Amino acid sequence: MKIYSKQELNNYFLSLTYDDISIIPTEISNVKSRTNIDTKSKFLDLELSLPIISSPMDTVTGIEMAKELTNLGCLGIVNRFDSSLNEIFSNSKVVEGIKAVSVNLNVEDSLLEKIAENNLIVCIDTANANNAFVLKKCEQIKNKYNVKVIVGNIAAGSTLRDIANAGADAVRIGIGGGSVCTTSIQTGIGIGQISSILDVYFAREEQKINIELIADGGIKNPGDITKAIACGADAVMLGRMLAGTKETPGEVIKYNDQLWKKYRGSASFGVKMKSEFIEGEETLVPYKGTVRNVINTISDGLRSAMSYLNCNSIEELKKINTFAVLSTSSYLERLPRK
Ligand code: IMP
């Protein structure tokens, strides 16, 4: 079997996603216990205990989720669709514990001023960062305010220099990979998440571009988070993995004797509420209890992976260079049998 380096994986003849690859432990691990492993990392000058960001979707991140993620050492980006943004700036108590908010292209200066005053990160939440208007907006915000800006999304690294030149501090990587995303079906656009992350990662490394990378969309389990970081992501953005938790906006629904919460794409009909072009689905996900439970499970998975791989820190995990490309049957063999 061939052991692939990141570079070789990037040159693989097919586009790859999380389930297509696996990480190969090749060293004797010196890690005594996974509790000794440090998953701390810096993201846009924030000290995070885990490099996890919640997606700015209306069924994922409102005020409660953002604050609880701050508590847990992660980052929540408040969505731009419901009334959360107004609420945040209406009362100085509410803004405490909020670290980042999302805005659209028509964001008013008055809102940006408040965001800057409170030292919050701005996420320009659009489907396509390879767009002159998005980059212009990013440039305007960076020229006028002392704030960090996240833009998105991109599927490949060919425009990374332009994005960094517009002043973006971080970029969301992933088009078509989100679990409620219908973009690829509706448009034929997008590549597998692992290939996307690697392509952008190598653009950054080869051109020495100063920008942080967020793997966004398609992450289903803690193992995918390990894979994203090992392929060069600085942080991962989660939608579905956090959807259905107590802290997400929206009601718990009882249906067929089970508890559920709504999860929907930002470009779904439910969000747009008009007959525009729809690129997102709407669904119910099982109610999961507190987000703390989910974050703890992710933390345990990541630590366990790092202990197999002899990595004591996230920085060491990013240097992993031993991957396998899985055949369909070796992928299936990895799954527990019923
Ligand atoms: P998930 O973690 O796989 O559920 O993916 C979440 C990501 O899907 C978000 O962070 C967005 O990048 C993306 N996304 C959210 N809403 C939509 C949509 O309506 N259409 C396409 N992509 C979406």
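For the structure, see preceding data.
Thresholds, definitions, all that
- Residues numbered from 1 in each chain as written.
- Predicted model: local features only at pLDDT ≥ 70, side-chain atom pairs only at ≥ 80, totals over all residues.
- Heavy atoms only, no water.
- Helix = DSSP H or I, 4+ residues; strand = E, 2+ residues; numbered from the N terminus.
- Expected span 1.5 Å × (residues − 1).
- Buried < 20%, exposed > 50% of the residue type's maximum accessible area, 1.4 Å probe, protein only.
- Arc of directions from axis to C-beta.
- Contact = heavy atoms within 4.5 Å.
- Polar contact = N/O pair within 3.5 Å; in protein donor to acceptor, adjacent residues only side chain to side chain.
- Near = heavy atom within 4 Å.
- Areas by Shrake-Rupley, 256 points an atom, 1.4 Å probe, with all protein chains shown as cover.
- Nonpolar A, V, L, I, M, F, W, Y, C, P; charged D, E, K, R; others polar.
- Phe/Tyr/Trp six-rings, centres within 6.5 Å; stacked < 30°, edge-to-face > 60°.
- Pairing = 2+ DSSP bridges.
- Axes fitted to C-alpha atoms, helices over the stretch in contact; angles between N-to-C directions.

Below, the discussion takes up helix α6 (residues 132-144). Over its 13 residues, α6 runs 18 Å from end to end, which matches the ideal 18 Å to within 8%, given 1.5 Å per residue. Of the positions making up α6, those classed as buried are Val 134, Leu 135, Lys 137, Cys 138 and Ile 141. Looking straight down α6, one finds its buried side chains confined to an arc of 160 degrees; they lie on one side. Exposed and facing more than 90 degrees away from the buried side of α6 are Ala 132, Phe 133, Asn 143 and Lys 144. Buried residues along α6 sit in contact with α5 (109-117), β7 (121-124), β8 (149-154) and α7 (160-165). N-capping of α6 is provided by Asn 131, with a side-chain oxygen placed 2.7 Å from the backbone N of Phe 133.

To continue, consider the site of the ligand. Taken together, 22 residues are adjacent to the ligand, and Ser 55, Asp 216, Tyr 263, Ala 267 and Glu 279 come closest. The side chain of Ser 179 places a nitrogen or oxygen atom 2.7 Å from an oxygen atom of the ligand. When isolated, the ligand has an accessible area of 500 Å², and the protein chains bury 91% of it. Class assignment of the residues belonging to the shell around the ligand gives a composition of 6 nonpolar, 12 polar and 4 charged.

Right, let's get into α5. Taken as a whole, α5 has its buried residues at Leu 112, Ile 115 and Ala 116. When α5 is viewed along its axis, its buried side chains cluster within an angular range of 95 degrees and face the same direction. Its buried side turned inward, α5 meets α3 (84-90), β6 (100-103), β7 and α6. The first or second residue beyond α5 is Asn 119, which carries a positive phi of 55 degrees.

Geometrically, a pair of aromatic rings is defined through the distance of the ring centres and the angle of the planes. Going through the model one piece at a time under the given rule, you end up with 3 aromatic pairs. Ring centres of Tyr 12 and Phe 13 lie 5.1 Å apart, and the angle between their planes is 50 degrees; this geometry places the pair in the tilted category. Note on Tyr 201 and Phe 202: the rings are 5.1 Å apart at their centroids and 80 degrees apart in plane angle, and the pair reads as edge-to-face. We classify Tyr 201 as buried; its relative accessible area is 15%. The class for Phe 202 is buried, based on a relative accessible area of 11%.

Taken in spatial order, the 8 strands close into a barrel running β4-β5-β6-β7-β8-β9-β10-β11, and their pairing is parallel. The mean inter-strand angle of the sheet, taken between neighbouring strand axes irrespective of direction, is 30 degrees. Direction of pairing for β6 relative to β7: parallel, over a ladder of 4 bridges. Opposite Val 101, over in β7, you have Val 122 as the bridge partner. Against the sheet, helix α9 (residues 193-207) touches β8, β9 (170-173) and β10 (212-216), its axis set at about 175 degrees to β10.

A few words on the sheet that holds strand β14 (residues 282-286). Strands sit in the order β12-β13-β14 across an open sheet of 3 strands; the sheet is antiparallel. Looking at which strands have only one partner, the edges of the open sheet turn out to be β12 (253-255) and β14. On average, each strand axis in the sheet is inclined to that of its neighbour by 50 degrees, with strand direction left out of account.

Here Glu 316 lies in helix α13 (residues 314-318). The spatial distance from the C-alpha of Glu 316 to the C-alpha of Ala 129 is 30 Å, given a sequence separation of 187 residues. Not counting residues up to four positions away in its chain, the partners in contact with Glu 316 are Asn 310 and Cys 311. Side-chain polar atoms of Glu 316 contact the backbone nitrogen of Asn 312, separated by 2.8 Å.

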